[in-house]
Amino acid sequence: MTAVQHGKDGVDAFLTNVATDLDSGVLPIRAFSDPELHQLELERVFAKSWVYVGHVTEIPHPGDYVLRYVGKDQFILARDENGEINLLFNSCMHRATAVCHAEKGNSSHFRCPYHGWIYKNNGDWNGAPHRVNAYPRTMDPKQWGLRKAPHLDTYQGLIFVNLDPDAITLKEYLGDMAWYLDVTFGLNSSGMRVVGDPQRWIAGANWKSGAENFGGDAYHVPHLHRSGEETGVFPRIDAALSGQFHIAVDGGHSIVASRGFLPEPWVLGGWPPEVAAIFELDKLSPDQREFVENGWCATVFTIFPNLSIIHAPGVYDAQSTPPVLMTALRQWQPFAHDRTEIWNWPMEWIDAPAEFNRLSYDTAINSFGPAGMFEQDDTVAWEGPADVGTSVFARQTMKLNYQLGQGTPGGFGLVEDWKFPGVATKTSYDEYNQLRFWKHWQKVVSGQ
Ligand code: FES
Ligand SMILES: [Fe+2]
């Protein structure tokens, strides 16, 4: 048994040991549930990474806004009168009262409910009640404006922010993951849009359970989600393991990939011809085009730290509807070490036939919505490490096994001649991506 050490020295020692443990393919349970580590994550992961905050189609017009989170902090994601997007800290510069209490809307200004300070939708201070007696004419609108994220950028319609003034660019941060976002969202110049507001629900889980699962856990699908096959929602569920493999990308990003989900008459791996007809593959690079034309697909992936994307087939009604590809964005909001709010945005191609979009949306809700069959399976499983991670006995005795496929003939191994970005494994009988995710996490949380 090893005594559990607390405080800065205890956490530092723990993180040093985690690096060694990961080299041996094990991970101490404490990594999944610890208030001290969670606070460090807020400081070193969420305040320094490029974090997803929304999709451009959620705020298409000047004045549109939605409330969003970076870590636990609430912000207003607003498009100002000039069409620029800003991420404004939702906290008044007078006494820190929230200035915006609506989840979404359209407004040129935000008025604080406490004493009535007013801010423009670009964050600038714009006056206060009893202005002449209350404040001098020289009051600086920028100095007393809402605090603003220093960096905001978009890629393929996804809006990311970075709260670190010294951050690298979004393009550098995404690295090779940008290539895979192109082959997912860049098939048509109108692109995809989110369908409605993000659906939300709370799981008694740590945020990293969702992030690591979507980044590489093909192994659980035929087992945890077996009822999906039994009910006809996911025919041939074993294929989710046997037909897939993993791609790891530098920066802690990771992908579960597939080739050719659905046979003819579907094309390009799983699209009905009327949807494939809207694709403009000539806009892709030659290697991206080869990837798509061969039916390769980034099925489920995680962009470090807490954005995941699912792009997978399902069946809405096994008796009456055909298989269909559905796409959704998924965010793991880290509200506490043992509480994650899951946000889910189903998506559709703007130019695709309405009938396909409707079926794709229904399928997304049926499987990964708040009451989706897959969703309920996953969240129950993920409550295990969040709960057990606080146990003194478990911390003293439990290191979790991350050795799937290692030492087996048909299991773990890298594709030597993988011609696309990142590193690919031969099968999905491995936890290569999860190990890479955790190694990156260990570096970032350690402040390296
Ligand atoms: S707290 Fe906002 S105006 Fe006083
Ligand atoms: Fe799952």
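In this text the structure is predicted, and so the values were computed from the model without any measurement.

A. Looking closely at the overall build of the protein. Scanning the protein from terminus to terminus reveals 15 helices and 20 strands. Here the C-alpha atoms of the protein give a radius of gyration of 23 Å, agreeing with the 22 Å that 2.2 N^0.38 yields for 448 residues. Across the 448 residues in the protein, those meeting the buried criterion constitute 56%. Both charge centroids of the protein, one from 35 positive and one from 53 negative side chains, sit 8 Å from each other.

B. Highlighting the nonpolar core. Judged by nonpolar contacts, the single largest core of 112 residues is most densely connected at Tyr-180 and Trp-441. In terms of domain composition, this core takes at least three residues from each of domain 1 (52-171) and domain 2 (174-445). With near-sequence residues (within four places) excluded, Tyr-180 lies in contact with Ile-247, Val-249, Ile-255, Phe-291, Ala-298, Trp-418, Phe-420 and Pro-421. Counting residues in each nonpolar core, the second largest holds 16 residues, with Leu-67, Ala-78, Phe-110 and Trp-117 among its members.

C. Spatial organisation of the packing of aromatic side chains. Per the stated rule, a full pass over the model turns up 35 aromatic pairs. Aromatic side chains Phe-245 and Trp-418 sit 5.5 Å apart centroid to centroid with 65° between the ring planes, which places their arrangement in the edge-to-face category. Residue Phe-245 is found in strand 13 (residues 244-249), and its partner Trp-418 is found in the loop between strand 19 (399-401) and strand 20 (423-424); the two are separated by 173 residues along the sequence. Judged by its relative accessible area of 8%, Phe-245 is buried. Owing to a relative accessible area of 16%, Trp-418 belongs among the buried residues under this scheme. With a centroid separation of 6.4 Å and an interplanar angle of 65°, the aromatic rings of Trp-296 and Phe-420 are classed as edge-to-face. Here Trp-296, found in strand 15 (residues 296-303), pairs with Phe-420, found in the loop between strand 19 and strand 20; they are 124 residues apart in sequence, far enough to count as distant. For the pair Trp-296 and Phe-420, one class covers both residues: buried. One aromatic cluster is present, formed by Trp-179, Tyr-180, Phe-245, Phe-291, Trp-296, Trp-418 and Phe-420 through successive ring pairs. For Arg-200, the ring lying beneath its charged end belongs to Trp-343, and the centroid distance is 3.9 Å.

D. Spatial organisation of the packing of helix 6 (residues 207-216) against helix 15 (residues 432-445). It is at 8 Å that the axes of helix 6 and helix 15 come closest, and there the two elements cross at 140°. Considered as vectors, helix 6 and helix 15 are oriented oblique to each other. As for how helix 6 packs across helix 15, the hand of that crossing is right-handed. Residues Trp-207, Lys-208, Ala-211, Glu-212, Gly-215 and Gly-216 of helix 6 form the contact with helix 15, whose participating residues are Asn-433, Gln-434, Phe-437, Trp-438 and Trp-441.

E. Structural detail: the pattern of salt bridges. Per the counting criterion, the structure on display carries 19 salt bridges. Where Glu-348 meets Arg-193, a salt bridge forms, and the shortest distance between an N and an O atom there is 2.8 Å. Linking Glu-348 in strand 18 (residues 339-349) with Arg-193 in strand 11 (residues 192-194), this pair joins segments that are 155 residues apart in sequence. The partner of Glu-375 in a salt bridge is Arg-330, with the nearest N and O atoms 2.8 Å apart. Taken together, the positions of Glu-375 in helix 13 (residues 373-388) and Arg-330 in strand 17 (residues 324-336) put the pair 45 residues apart, joining distant regions of the chain.

F. Expanded view of the sheet that holds strand 3 (residues 64-70). In spatial order, the strands read 5-4-3-6; together these four strands make up an open sheet with antiparallel pairing. The open sheet is flanked by strand 5 (85-89) and strand 6 (104-106), the only strands paired with a single partner. Here the strands of the sheet are splayed against their neighbours by 30° on average, with no regard to which way each runs.

G. Focus on the pairing of strand 15. Here strand 15 lies mainly inside the structure; eight of its eight residues are buried. Pairing between strand 15 and strand 16 (residues 307-314): four bridges, direction antiparallel. In the strand pairing of strand 16, Val-300 is matched with Ile-310. Taken together, strand 15 and the strand that follows it, strand 16, pair antiparallel across an intervening segment of three residues.

H. Structural view of the sheet that holds strand 2 (residues 51-55). Overall, antiparallel pairing links the three strands, which are arranged 2-10-9 in an open sheet. Of all strands in the sheet, those with a lone pairing partner are strand 2 and strand 9 (151-155), marking the two edges. For this sheet, the mean angle separating the axes of adjacent strands, direction not counted, is 30°. In terms of strand pairing, strand 9 meets strand 10 (residues 158-162) through five bridges, oriented antiparallel. The residue of strand 10 that forms the bridge with Thr-154 is Ile-159.

I. The layout of surface pockets, seen in detail. Reported here for the largest pocket is a volume of approximately 590 Å³. Looking at the largest pocket, it is lined by 36 residues, and the ones nearest its centre are Phe-234, Ala-240, Phe-261, Ala-312 and Pro-313. Broken down by secondary-structure element, the contributors of at least two residues to the lining of the largest pocket are helix 6, helix 9 (239-242), strand 14 (253-259), strand 15, strand 16, helix 12 (354-368) and helix 13. In terms of residue count, strand 16 provides more of the lining of the largest pocket than any other element does, four residues in total. Across the lining of the largest pocket, the residue classes break down as 21 nonpolar, 11 polar and four charged. Quantified by volume, the second largest pocket comes out at close to 450 Å³. Lining the second largest pocket are 19 residues, with Glu-212, Asp-217, Leu-400, Tyr-402 and Glu-431 positioned closest to its centre. With four residues, helix 13 is the single largest residue contributor to the lining of the second largest pocket. Class assignment for the residues of the lining of the second largest pocket results in nine nonpolar, six polar and four charged.

Rules of the game
- Residues numbered from 1 in each chain as written.
- Chains lettered and ligands numbered in written order.
- Predicted model: local features only at pLDDT ≥ 70, side-chain atom pairs only at ≥ 80, totals over all residues.
- Heavy atoms only, no water.
- Helix = DSSP H or I, 4+ residues; strand = E, 2+ residues; numbered from the N terminus.
- Rg over C-alpha atoms; globule rule 2.2 N^0.38 Å.
- Buried < 20%, exposed > 50% of the residue type's maximum accessible area, 1.4 Å probe, protein only.
- Lys, Arg positive; Asp, Glu negative; His and termini not counted.
- Charge placed at Lys NZ, Arg CZ, Asp CG, Glu CD.
- Core = buried A, V, L, I, M, F, W, Y, C linked by side-chain atoms within 4.5 Å.
- Domains from an automatic or database assignment.
- Contact = heavy atoms within 4.5 Å.
- Phe/Tyr/Trp six-rings, centres within 6.5 Å; stacked < 30°, edge-to-face > 60°.
- Lys NZ or Arg CZ within 6 Å of the ring centre and 35° of its normal.
- Axes fitted to C-alpha atoms, helices over the stretch in contact; angles between N-to-C directions.
- Parallel < 35°, antiparallel > 145°, perpendicular 65-115°, else oblique.
- Left-handed = near helix turned anticlockwise from the far one by under 90°.
- Salt bridge = Lys/Arg side-chain N within 4 Å of Asp/Glu carboxyl O.
- Pairing = 2+ DSSP bridges.
- 1 Å grid on protein atoms, 1.4 Å probe; cavity = no way out; pocket = protein on both sides within 12 Å on 5 of 7 lines; lining within 4 Å.
- Points joined across faces, edges and corners; volume = space filled by probe spheres on them.
- Nonpolar A, V, L, I, M, F, W, Y, C, P; charged D, E, K, R; others polar.

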